[in-house]
Every structure is written in structure tokens, then in C-alpha cells.
Amino acid sequence: MNSYILPIANAVKGGQKTAAAFVEEALSRAEAAKEYNTLISLTAERARARAKEVDVAIKKGEDVGALAGVPFIAKDNFLTFDGETTAASNILKGFKAPYQGTVIERLEAAGAICIGKANLDAFAHGSSTENSDFGPTLNPRGKDYVPGGSSGGSAASVALDIAPFALGTDTGGSIRLPASYCGVVGYKPSYGRVSRFGVVAMASSTDVVGTLTRTVEDAAVVLDIIAGRDERDATTIEPEPHSYATGASKKEPIAKRKIGVIKEFMSDHVEAETRKLIEKKLDAFRQAGHTVEEVSLPATELSLAIYYVVVPAEVSSNLARYDGVRYGFSDPAATTLSETYEGTRSNGFNDENIRRVMIGNYVLSSGYYDAYYRRAQTARTLLVEEFKKAYETYDVLVGPSAPGTAFRFGEKSDPLTMYLTDVMTVSASLAGLPAVSVPAGDVQGMPAGLQIIGAYGNDQAVLELARETERTA
Amino acid sequence: MADISIDDVKKVARLSGLQLSDAELKKYKAQFAEILGYIDRLEAVDTKDIEPTYQVTGLHNVMRDDEIIDYGVTQAELLQNAPDTDGGQIKVKRVL
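Summary of the structure given here. (Residues numbered from 1 in each chain as written. Chains lettered and ligands numbered in written order. Predicted model: local features only at pLDDT ≥ 70, side-chain atom pairs only at ≥ 80, totals over all residues.)

It is worth spelling out the interface of chain A and chain B at this point. One widely used convention gives an interface's size as the accessible area the parts lose upon coming together. Counting residues at the interface gives 58 residues for chain A, matched by 44 residues for chain B. Mapped by element, the contributors of at least two residues to the side of chain A that touches chain B are α9 (303–318), α10 (337–348), α11 (351–364), α12 (369–393) and α13 (415–419) of chain A. The leading source of residues in the side of chain A that touches chain B is α12 of chain A, at twelve residues. Split into classes, the residues belonging to the side of chain A that touches chain B amount to 31 nonpolar, 17 polar and ten charged. (Contact = placed C-beta atoms within 7 Å. Helix = DSSP H or I, 4+ residues; strand = E, 2+ residues; numbered from the N terminus. Nonpolar A, V, L, I, M, F, W, Y, C, P; charged D, E, K, R; others polar.)

Turning our attention to the packing of helix α7 (residues 216–226) of chain A against helix α15 (residues 459–471) of chain A. Residue and element names in this part refer to chain A. Packing of α7 against α15 leaves a shortest axis separation of 9 Å and a crossing angle of 150°. Classified by the angle their axes make, α7 and α15 are roughly antiparallel. Where α7 abuts α15, its residues Val 216, Glu 217, Ala 219 and Ala 220 lie against Leu 463, Ala 466, Arg 467 and Glu 470. When its residues are assigned to classes, the contact of α7 with α15 shows five nonpolar, no polar and three charged. (Axes fitted to C-alpha atoms, helices over the stretch in contact; angles between N-to-C directions. Parallel < 35°, antiparallel > 145°, perpendicular 65-115°, else oblique.)

Residues and elements named next belong to chain A. Restricting attention to buried positions, one finds in helix α1 (residues 6–13) the residues Ile 8, Ala 9 and Val 12. Around the axis of α1, the buried residues are gathered within 95° of arc, so they sit on the same side. Buried residues along α1 sit in contact with α2 (19–32) and α3 (44–59). One or two steps after α1, the chain reaches Gly 15, where phi turns positive at roughly 80°. (Buried ≥ 20, exposed ≤ 12 C-beta atoms within 10 Å, placed from the backbone. Arc of directions from axis to C-beta.)

Let us look at helix α4 (residues 102–109) of chain A. Because an α-helix packs 3.6 residues into every turn, residues spaced three or four apart end up facing the same way. All names here are of chain A. The buried count for α4 comes to six of eight residues, which makes it a mostly enclosed element. Of all the residues in α4, the buried ones are Thr 102, Val 103, Ile 104, Arg 106, Leu 107 and Glu 108. On its buried side, α4 packs onto β2 (71–75), β3 (113–118), β4 (165–170), β6 (208–213) and α7. Directly beyond the C-terminal end of α4, a positive phi value near 100° is found at Gly 111.

Residues and elements named next belong to chain A. If you look at the biggest cluster of nonpolar residues, it comprises 163 residues, and the most contacted ones within it are Phe 72, Ile 115, Ile 306, Val 309, Val 396 and Ile 452. In terms of residue count, the dominant contributor to this core is α9 (ten residues). Each residue touching Phe 72, except ones within four places of it in the same chain, is listed here: Leu 107, Ala 112, Cys 114, Ala 163, Phe 165, Ala 166 and Leu 167. (Core = buried A, V, L, I, M, F, W, Y, C linked by C-beta atoms within 7 Å.)

Let us now look at the environment of Thr 85 of chain A. Within the element layout of this structure, Thr 85 of chain A appears in the loop between β2 and α4. Looking at Thr 85 of chain A, the number of C-beta atoms within 10 Å reads 26, which means it is buried.

Okay, the sheet that holds strand β11 (residues 446–454) of chain A next. Residues and elements named next belong to chain A. Spatially, β1-β3-β2-β4-β6-β5-β10-β11-β9-β7-β8 is the arrangement adopted by the eleven strands of the open sheet, whose pairing is mixed. Each end of this open sheet is capped by a strand with a single partner; those strands are β1 (39–42) and β8 (291–295). Averaged over all pairs of adjacent strands, the angle between strand axes in this sheet comes to 30°, irrespective of strand direction. The strands that α3 touches are β1 and β3; relative to β3, the one it contacts most, it runs at about 165°. (Pairing = 2+ DSSP bridges.)

By themselves, these are just geometric observations and shouldn't be taken as functional.
See below:
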């Protein structure tokens, strides 16, 4: 099947089954999968009320939108009316959003219904969900394994089939990595393609909203709804002049493409079995008539170092707002305003939040700014230019989504070792490129992902080749 | 470049609005040395005559009309998340 979303919308629109029934089923699946800790909260009350609205509108013959009655899950860093919005941080426990994110509003306008808020590493700082202040999410394919992060709750929810799609955010791989570890499709659109208004900010120059789905077509179906300019997010870009969903059966072959395999992504530090799975996918591309060539992008070897300067710098700025004054946790023991700030932040943030805020303030501080921050942003230019040049020859670039399959809980307790998990995903983030992780097969029962990266703004090319991996599977 | 002292960590903690124990300062010092040690590979990059990239969209000064937009959110709704309020205003602890 190439879509799990459209059959639901069609059944609701055709009157074969009510939105209320779909919502109840999703809520009971969420309940049944509780041991995996994929959700921080359910938004059952609003979900039931909205389902009723959709069903009433259908009976009246009104147009309820392309996603009528389709249940979905939002990562808990999306502001939603029902339930709390915590970003999985103690500092936001109890926070009731006074407005909703643009993406949530657009999905609701299309008839989709949010049923719950997914777990994540607090403030999206992490690659495993082990940094969640609400406990880690378990990998549906093996409970001893992490689901990846930071959108681990979103990926695991979709892998468990609680809902046909979940929203995630990707700053350095937070959609693609958990998609790879859980065996689902994780799509990170071009930077600026989707509004971030009403999403808890992490690193504003690379934060992107995207999707976790079971098929590529479903990623396209959702992208059609959420993409586009938003007056409330000045970084949104002009839309591409076509829709992403094809509706077509996946049997139709696509035009012959030129595919570049990033040499640096296929080196020895990628597990041999994962590399073999990627090679198999590349063979399938060749057999389908596409050109597959190796291309060297040396600057990608600097990406992680650039990322861990630029992103903490932006994190330190974005997390400055959590001061215990306007919302969220406030240190009850404080007697002065500065004690409120320090007591709130020291007790409300977890270790990883504190590390990133402090590294960020360090690389931005006087005396270190040129050596770290400016130098990293300059190296970023080299990376952007290398990608641009590669896209003069190739339609898309590919490689693994991660150096291997999911690791076990506690296996990467050293912060730098954990950071290295993102080594394949941060490049596309720094350059703002659209990228997807699609399932590439299993290594001893645990899934690996193939990553497809497109030129800036060319989301279409990425989704098209991603569909091809399903057709040739 | 990766030589980082306890005083450096203390200073950064203060800049970050954080109050850390001696044990925490020591832990972060060791972790920062490792992380900054990794980042030091950027030193080898020839960055002469290259402009930094701060954003990738190429958008500049996106303007909109300077008008009041009704977001449909009331003052009371916004204040309900505040830890302490008084007469429709947010209340904070004394400054000194």
C-alpha cells in the first residue's frame, strides 16, 4: 500500500466509517502501546470534540478537507490547545499553550485530528530520547534499544501504527535518525519550506518541521498541507509550483536520474552490515536504469564540528527565555530575581540542556567568538558550496542515515560519543537541504535507513527517488 | 584551544544564568574539554576570504504591514502560565 492516510480520509468522506471511530481506535492503540512510552500526553478531549465536528460536517455534505478524520501525533514541542506542551522538559511541565502552531492549524483545517503529544529528548537535545525528562521511549523493534532521537516518540508511534503520521522536528537529524532506527520514513523538508511558528525553538538556523510516516506518499500528502509561506514565520520560502503527492500507484517508473553516493558516508566508520544494505539499494537504482556514481564531499567531515558550535550557540540564545518569570517552572526557594533565574534554570534544565547552553555561551563569548563561532560559520560556507557544486552534476545525493542501527540504552553515556551518532545527518541540516530516511532493510532484526539528500528547495526530487526505493523494494 | 579551566566554566555558568556545584563544574569541565577538542579540527580549515553562512534561504528583511493582528488570545489566557501575578501583571521577586 502506498498510503495509510488517504484510505482513512476516503472512508470518512464517503461515510463508510466515522472520524469518531478512527479517533477511538487510535486512542486505544495508544493505550495498548503504553509500555513503549511514545507519548507524553493524550489530547483525547479535543480529539473527540473535533471528530464529532468532522462527522457532523460530513453529514451536512460540507467539504471537510483532504485529511478528514485522520488521526495524527505531534511531537511535544508543537504548541497545541489540548494537553500540555512540555518539549519533554521539567522546565515546561504544566505549560498550557495559549495558541497553536501554524502546522497544527493547517492540519486541523484539513480535517486531521491530533490525538497525542510524542516524547522527545528535552528541547530536542539528543539522539536517543534518553534525555527526555519523562523517561525514554522504547524501540518498537527491540525494547532494549533506543528509538533514536530526538523525535523518537513520533517515530516509534508511527512504527507501532498508533497513527498513520506524526509530526517531528529535525535540527541535525532528529527526524531522519529515529526514522532509520524504527524502520519508518522520516522526511525533513528544505529549511523554510514549512512554518515553525508555534514550535519550541532549538537552533533557528537549522530547525525544520517534518514528518514520520510509513510510506513516502504519506510524507508527500502531509507536506502538501503543511508547506508554504507563513506571515508569522519570516523564514518561510516560496512554495514549489506543484503538489508533492502523486496519488499514482508506485509501479510507475520515474525518469532516469543521476545519483551521487557520498564517499565520506560510506567509509569504514559505518557498520559493514549497514553498508551492505545501502549497496543493495544502490544496485536496485542501477537496475532501474539510474546512474549511480561515487562523489567526494570532503567538507562533510567537518559538519559535526561545525554543528556542535553553531547549534549550541543558537540553543543558548533560544533557551535564554526560560527564566521562571513568564511561564513554566519557577524555583520556589528563590528570594531575589537573580535567584529565580539561576534556581529555575539550574533545576529545570537537564544535563544535556545545560551542556548545550554553556558550550553555546562559551563559543559566543568574547575572545572565543572568532576562533569558534565565526570559524564554524565560515566552514559552513565551504560545505554549502560543495553541495551546490555536486548538484550541478547529480539530481540527488545518497548515503546511510546513520553509522549503524539502533544502539542499546546507556551504551552512549559519553556526550561526544552520542553526538557522533548525528555524523550523517547534520550536513543536510547545516546546508538547509531537503532529506529523507527510508527503510533499507534490517541488520539482525533492527532497521537501517537510506538517506536521500536533495538540492536546496528541490523537495520534489528527494520524494521522487524515495518513492523509487519502495517501487524497487 | 581546548584548554578550559574551572574558572572558564564558572564564568560561562554565570553568563548562562546557572548556579552549579563544584562537582558539576568539574564534570562539565572534563566534558567540555572533550567536546571542544573535537571541534578544534576546524582550526585546520583555510577560511581566508570566505564569508560566513548565517542562514540558507537568501531572504532579506521580510516585511509586513505594521498593523495590529488579533491572535484571539486574551491577557488572562497569557497570564495563566505565569508563576505569580498581581492585578493583571507578572510579579517577580525583589531585584536586590
